[in-house]
Amino acid sequence: MTASRTKNRWWIYVPLTVAFVAVVSPFAWMVLGSFKGEGEIRANPPTWLPEAASLDNYTQLFARLQFGTYFLNSAIVAVLVTAGNLIFCSMVGYALAMLEFRGKRALFVVVMATLMIPGVVTFVPLYVLVVNAGLANSLPALILPFLVSPFGVFLMRQYIVGLPKELLDAGRVDGAGEVRIFAGIILPLCGPALATLGILTFLGSWNNFLWPLVVAQQESEYTLPVALALYSTGQNSIQYGLLLAGATIVVVPVLLVFLVFQRRFIEGIATTGIK
Amino acid sequence: MSSPVAVRRRGVERAAWFLVLPFCLLFGVFTAWPVLQSLFMSFTDTRNRDLRSPFAVEFVGLENYVKAFADPLFRTAAANTAYFVLVGVPLTLVIALTAAVVLDKGITRFRAFFRLGFYTPVITSIVAVAVVWRFLLQDEFGLINTVLGWAGVEGPNWLGDPDWSMPALILMAAWRNFGTAMIIFLAGLQAVPPSLHEAASIDGAGPVRRFRYITLPLLRPTLLFVSVTTAIGYLQFFEEPYVMTNGGPLNSTISASMYTYRQFGFGNYGYASAMSYLIFVVIAVVTFLQFRLLRERG
């Protein structure tokens, strides 16, 4: 029965392939377009493969528009934000999952209640805070507000709760303190949860827009999305080749990382049931 | 002398606080405090000149909220946001569920390949894809209108026509976001016991009825989760109009978040805070309502 059913369904690959092409083609068009000159990008009808491929757009981005700096800013911020979340959120996740302490319930309630606080609610007072702390236009202003997240705590707590409690007793019999049990026994078992949290946090930081737009007001502090958005709405807004190359620089690095880790990542999303 | 158990317990307590302290400090300063201060600011006339003295400001009660409801542009922004959510969320979920069902039951080969392709837009920067889509949606030489032209359809001036600008943004949002919902639906579908479907088949239920009476009810918690998270994201949409239309044409795509950001840019911090709290309240209410709605039917 199964065999006949699948045999009858070959046609389903036709709409599926059309959908696949529709979903993926904007990226192909973006990458190919980034090697085209201005004239060709505006050609009617549009071309797919560049007739005279060149790296001019990229040379301009890095030589004239400092995309090297923006790339570095984005990378530094994303790496530190990811590191902070992995360390601090797993610490809290462990405490909430395995230890008894005063205030535990209250902390858990706060974490759950703030899982969905939108960035648009906090950015105004956060800006006032950052300016008064003398941190405006600095990388710490881009990093500090994102070093921990209730979502990360929730994710790590859910994972650690599922680990056997006997691990604690084993460690305690050996005379290890709680912090050593955490670092030496629990953390090494958290690989899948840490991987999911790490990739999600990195992507979130790399693609983050509203807060960097608010707080980075000098070119030297721009991240890639901020630079791209400002160039695309400013005086370079009609230099399509340049903008497509900029978009490629934002998208392709995370695309490559994603393709390498995709299996683990997609499974992580499916099991935790989160974005 | 305290007992070894008591000593142990005190040690655990101290260790626990050591572990949660960094989180509590960072979270308190950069999230909890701003959430409260935002509420405070929304009842004041704080402007950018008050930046250095955020508490030496005039208390104005509900004035900012009254002003927001009377502000025609905020009302337009709120209506646009409602449009984006009410059309965008169902569209995204229908596409995601269709893709998930086809990948789950319809095919046996290349499943991982299609799954990967459909998921890819999710990981990309909205700013970057908005830049790309701005060109795809161009009136004359845009790829989308060219493809429509092959089918004999004359595509609209998507981003230049107030009637088509919002559909264009919704289309792009659905394209970028349906992958997340699809993955979660796939996990939900795989949790449906095949024995239920087999039993229903034996009783003579066709695939449509089996989907309606077996799959869909079992998928309710997943549906709830995905609709809430998608709606929360869409209620805050910002990058799309910022990059693609600057809120135009004729304010047809200005969103609540974007208008809040604009008022912040004008230096009206109190007013911007009030509007951001309105968005916050709507998000909380939507979350609550969707929980009630989907739970009651079950």
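Each value, and the rule that gives it
- Starting from 1, residues in each chain are numbered consecutively following that chain's sequence as written.
- Going through the entries in the order they are written, you letter the chains from A and number the ligands from 1.
- Where local features are concerned, this predicted model is filtered to residues with pLDDT of at least 70; where side-chain atom pairs are given and counted, the filter is 80 or more; whole-chain, interface and lining totals use all residues.
- To qualify as a helix, a DSSP run of H or I must reach at least 4 residues; to qualify as a strand, a run of E must reach at least 2; elements of each kind are numbered from the N terminus.
- Every C-beta atom is placed from the backbone, and the number of other C-beta atoms within 10 Å of a residue's own sets its class: buried at 20 or more, exposed at 12 or fewer, partly exposed in between.
- Whether two residues are in contact depends on their C-beta atoms, placed from the backbone: they are in contact if these lie within 7 Å.
- With C-alpha atoms as the basis for the radius of gyration, the globule rule is written as 2.2 Å multiplied by the number of residues raised to the power 0.38.
- Annotation comment: domain bounds sourced from an automatic or database domain assignment.
- Three residue categories are used. Nonpolar comprises Ala, Val, Leu, Ile, Met, Phe, Trp, Tyr, Cys and Pro, charged comprises Asp, Glu, Lys and Arg, and polar comprises the others, including Gly.
- Here, axes are lines fitted to C-alpha atoms. For helices the fit covers the stretch in contact, and angles between N-to-C directions go from 0 to 180 degrees.
- Working rule for angles: under 35 degrees goes down as roughly parallel, over 145 as roughly antiparallel, 65 to 115 as roughly perpendicular, anything else as oblique.
- For any pair of crossing helices, the crossing counts as left-handed if the nearer helix is rotated counterclockwise from the farther one by less than a right angle, and right-handed if it is rotated clockwise.
- Each helix should span, by expectation, one fewer than its residue count multiplied by 1.5 Å.
- In this scheme, the bend at a residue equals the angle between the axes fitted to the seven residues that finish there and the seven that begin there.
- For this analysis, nonpolar core means a set of buried Ala, Val, Leu, Ile, Met, Phe, Trp, Tyr and Cys residues linked through C-beta atoms within 7 Å.
- Per residue, pLDDT captures the predictor's confidence, and it can take any value from 0 to 100.

Student: Looking at this model, I keep getting lost on the overall build of chain A. Mind explaining?
Tutor: From N to C terminus, chain A includes 15 helices and zero strands. Reported as C-alpha extents along the three principal axes, the dimensions of chain A are approximately 75 × 70 × 30 Å. Going through the 275 residues of chain A one by one, you find that 43% of them count as buried. For chain A, long-range pairs separated by at least 24 residues make up 75% of all intrachain contacts whose partners lie at least 6 apart in sequence.

Student: Honestly, the overall build of chain B in this entry has me stumped. Any pointers?
Tutor: Looking only at helices and strands, chain B features 13 helices and zero strands. Sequence-ordered secondary structure for chain B, helices as α and strands as β, is α-α-α-α-α-α-α-α-α-α-α-α-α. For 298 residues, the compact-globule formula gives about 19 Å, and the C-alpha radius of gyration of chain B, at 25 Å, lies well above that figure. Each of the three principal axes of chain B carries a C-alpha extent, and together these read 75 × 70 × 35 Å. Across the 298 residues of chain B, 43% fall into the buried class. Considering only contacts in chain B between residues 6 or more positions apart, those separated by 24 or more positions represent 70%.

Student: For this particular structure, what's the right way to read the domain arrangement of chain B?
Tutor: Buried accessible area, meaning the area lost when the parts come together, often serves as the stated size of an interface. All names here are of chain B. When cut into domains, chain B gives domain 1 (4-42) and domain 2 (63-297). For domain 1 versus domain 2, the distance between C-alpha centres works out to 35 Å. Counting residues at the interface gives four residues for domain 1, matched by seven residues for domain 2. Residues belonging to the side of domain 1 that touches domain 2 are distributed by class as follows: two nonpolar, two polar and no charged.

Student: Sorry, what's going on with the interface of chain A and chain B here?
Tutor: Each partner contributes to the interface: chain A provides 73 residues, whereas chain B provides 78 residues. Contributing elements (two or more residues each) for the side of chain A that touches chain B: α2 (13-33), α5 (67-98), α7 (119-132), α11 (178-186), α12 (191-207), α14 (224-233) and α15 (240-272) of chain A. It is α15 of chain A that contributes the most residues to the side of chain A that touches chain B, 13 residues altogether. The residue makeup of the side of chain A that touches chain B, split by class, is 55 nonpolar, 12 polar and six charged.

Student: I'm lost on the domain arrangement of chain A in this one. Help?
Tutor: Residues and elements named next belong to chain A. Taken domain by domain, chain A consists of domain 1 (10-54) and domain 2 (67-272). Using only C-alpha atoms to locate each centre, domain 1 and domain 2 end up separated by 33 Å. Facing the nine residues of domain 1 at the interface are eight residues of domain 2. Those elements that place two or more of their residues in the side of domain 1 that touches domain 2 are α2 and α3 (38-41). Counting residues per element, the side of domain 1 that touches domain 2 draws most heavily on α2, which supplies four residues.

Student: So what exactly am I meant to see when it comes to the packing of α5 of chain A against helix α9 (residues 150-161) of chain A here?
Tutor: The relative placement of two packed helices is expressed as an angle between their axes plus a distance between the axes. All names here are of chain A. α9 packs onto α5 with a crossing angle of 50 degrees between their chain directions and a minimal axis gap of 7 Å. By the criterion of interaxial angle, the relationship of α5 to α9 is oblique. For the pair α5 and α9, the crossing hand works out as right-handed. Here N85, C89, S90, V92, G93, Y94, L96, A97 and M98 of α5 lie close against α9, whose contacting residues are G152, V153, M156, R157, I160 and V161. A class-by-class count of the residues in the contact of α5 with α9 yields 10 nonpolar, four polar and one charged.

Student: Please clarify how unusual backbone geometry should be interpreted in this entry.
Tutor: Residues G248 of chain B and P249 of chain B are joined by a peptide bond in cis, for which omega reads -15 degrees. Mapped onto the fold, P249 of chain B is located in the loop between α11 (239-244) and α12 (256-265). At Q66 of chain A, a residue that is not glycine, the phi angle is positive and equals roughly 60 degrees. For Q66 of chain A, the position within the fold is in the loop between α4 (56-63) and α5.

Student: It is not clear to me how helix α7 (residues 165-190) of chain B should be interpreted in this structure. Could you clarify?
Tutor: Residues that lie three or four places apart on an α-helix share one face, since the helix turns once every 3.6 residues. Residues and elements named next belong to chain B. The terminal C-alpha atoms of α7, which comprises 26 residues, lie 38 Å apart, in line with the 38 Å expected from a rise of 1.5 Å per residue. At N177, α7 shows its strongest bend, of approximately 40 degrees. Buried residues dominate α7, accounting for 20 of its 26 residues.

Student: I keep staring at the nonpolar core and nothing clicks. Help me out?
Tutor: In summary, soluble globular proteins display a tendency toward joint burial of nonpolar side chains. With 162 residues, the main nonpolar core has V92, L228 and A247 of chain A together with V132, M182 and M275 of chain B as its most contacted residues. Contacts of L228 of chain A, omitting those with residues within four sequence positions, involve G246, A247 and V250 of chain A together with V127, A128 and V131 of chain B.

Student: Just to check I follow, could you spell out the environment of I76 of chain A for this structure?
Tutor: As for its placement among the helices and strands, I76 of chain A is situated in helix α5. For the pair I76 of chain A and F261 of chain A, spaced 185 residues apart in sequence, the C-alpha separation works out to 21 Å.

Student: Explain the packing of helix α10 (residues 166-173) of chain A against α11 of chain A to me, please; I cannot follow it from the model alone.
Tutor: Residues and elements named next belong to chain A. Close contact between α10 and α11 brings their axes to 10 Å; oriented N to C, the two are set at 115 degrees. Read as a crossing pair, α10 and α11 show a hand that is right-handed. Residues L167, L168 and G171 of α10 pack against I181, I185 and I186 of α11. Among the residues forming the contact of α10 with α11, the class breakdown is five nonpolar, one polar and no charged.

Student: Please clarify how the environment of L203 of chain A should be interpreted in this entry.
Tutor: Inspection of the secondary structure puts L203 of chain A in helix α12. Contact partners of L203 of chain A, with chain neighbours within four places excluded, come to V254 of chain A together with I123 of chain B.

Student: Got a minute to help me understand the confidence of the model for chain A in this structure?
Tutor: Reading predicted coordinates in detail is not appropriate for stretches of low pLDDT. All names here are of chain A. Summarising the model, chain A shows a mean pLDDT of 88, and 95% of its residues fall at 70 or more. Taking the mean pLDDT of every element in chain A, the minimum, 47, falls on helix α1 (residues 2-8) and the maximum, 96, on α5. Across residues 1-7, confidence stays below pLDDT 50; counting only partners more than four residues off in sequence or on other chains, it has one contact.

Student: Is there a simple way to think about the environment of F264 of chain B in this case?
Tutor: All names here are of chain B. Along the chain, F264 turns up in helix α12. Taking the number of C-beta atoms within 10 Å as the measure of exposure, F264 has 21 and is therefore buried. Separated by 216 residues in the primary sequence, F264 and N48 place their C-alpha atoms 8.5 Å from one another.

Student: Explain the confidence of the model for chain B to me, please; I cannot follow it from the model alone.
Tutor: Considering every residue of chain B, the mean pLDDT works out to 90; 97% of them sit at 70 or more. Among the scores for the predicted complex, ipTM is 0.89 and pTM is 0.91.

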